[in-house]
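# A look at the structure
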Amino acid sequence: MSHPRILVTGATGKIGSAVAGQLLEQGIATRVLVHRDDERSARLRAAGAEVVVGDMFDISDVQAALDGVDRLYFNPPYHPHVLDSAVAFAVAARRSRVEAVVALGQWLASPEHPSLMTRHAWLADKLFELLPDTAHVAVDPGFFADNYLQLIP
């Protein structure tokens, strides 16, 4: 069986670059969606990634990035309209018949949380769950260990 082609969003950031790097190290066909072509995207290209420049809030860019992709790693943008991006990806994933969506969320996400962005993380998770014929994996960390390291000299 051949490896699937995977789209990784947020691939120039801390989490997305780690995910893309691990996939590429395993020889998995990896497409990355980046906001701009710069030295970070050049490093991903040099490592073997297919780099697509686009806007995570533009359905046309999102659809183009997902066309021909089997699986999606959705690393949500840190943005007040993150839910709009999740909707665009859910629509495009459905249209492209994506087999699986792995979505980074938040451990405490719930509809009652006082933070609007945390409630949106919960809604995005529920949205991806609704996609028929698409496996959904929620990755909901509590806190990243390397964040603790920023507190010490």
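Everything discussed here concerns the structure shown above.
Attention here is on the structure that accompanies the text. (Residues numbered from 1 in each chain as written. Predicted model: local features only at pLDDT ≥ 70, side-chain atom pairs only at ≥ 80, totals over all residues. Heavy atoms only, no water.)

Moving on: the packing of helix 3 (residues 59-66) against helix 4 (residues 82-95). Angle between the axes and distance between the axes: these two values describe a pair of packed helices. At a minimum axis separation of 9 Å, helix 3 and helix 4 run at an interaxial angle of 40°. When the axes of helix 3 and helix 4 are compared, the pair comes out oblique. Crossing of helix 3 over helix 4 shows right-handed handedness. Of the residues in helix 4, those in contact with Ile 59, Val 62, Gln 63 and Leu 66 of helix 3 are Ala 88, Phe 89, Val 91, Ala 92, Ala 93 and Arg 95. Looking at the contact of helix 3 with helix 4, its residues break down into eight nonpolar, one polar and one charged. (Axes fitted to C-alpha atoms, helices over the stretch in contact; angles between N-to-C directions. Helix = DSSP H or I, 4+ residues; strand = E, 2+ residues; numbered from the N terminus. Parallel < 35°, antiparallel > 145°, perpendicular 65-115°, else oblique. Left-handed = near helix turned anticlockwise from the far one by under 90°. Contact = heavy atoms within 4.5 Å. Nonpolar A, V, L, I, M, F, W, Y, C, P; charged D, E, K, R; others polar.)

As a further point, take the packing of helix 4 against helix 5 (residues 116-129). At a minimum axis separation of 9 Å, helix 4 and helix 5 run at an interaxial angle of 5°. With respect to helix 5, the axis of helix 4 lies roughly parallel. Residues Val 82, Leu 83, Ala 86, Val 87, Phe 89 and Ala 90 of helix 4 lie in contact with helix 5, whose contacting residues are His 120, Leu 123, Ala 124, Leu 127 and Phe 128. Here the contact of helix 4 with helix 5 is built from residues that sort into 10 nonpolar, one polar and no charged.

A word on the pattern of salt bridges. Within this structure, the stated rule accounts for seven salt bridges. Salt-bridge contacts for Arg 5 lead to Glu 50; the nearest nitrogen and oxygen are separated by 3.9 Å. One end of the pair, Arg 5, is in the segment before strand 1 (6-9); the other, Glu 50, is in strand 3 (residues 50-53), with 45 residues separating them in the sequence. Taking relative accessible area as the criterion, Glu 50 reaches 33% and is therefore assigned partly exposed. For the salt bridge of Asp 37 with Arg 45, the shortest nitrogen-to-oxygen distance reads 3.4 Å. On the basis of relative accessibility, which here comes to 38%, the residue Arg 45 falls in the partly exposed class. By sharing partners, the salt bridges in this structure join Arg 5, Arg 31 and Glu 50 into a single network. (Salt bridge = Lys/Arg side-chain N within 4 Å of Asp/Glu carboxyl O. Buried < 20%, exposed > 50% of the residue type's maximum accessible area, 1.4 Å probe, protein only.)

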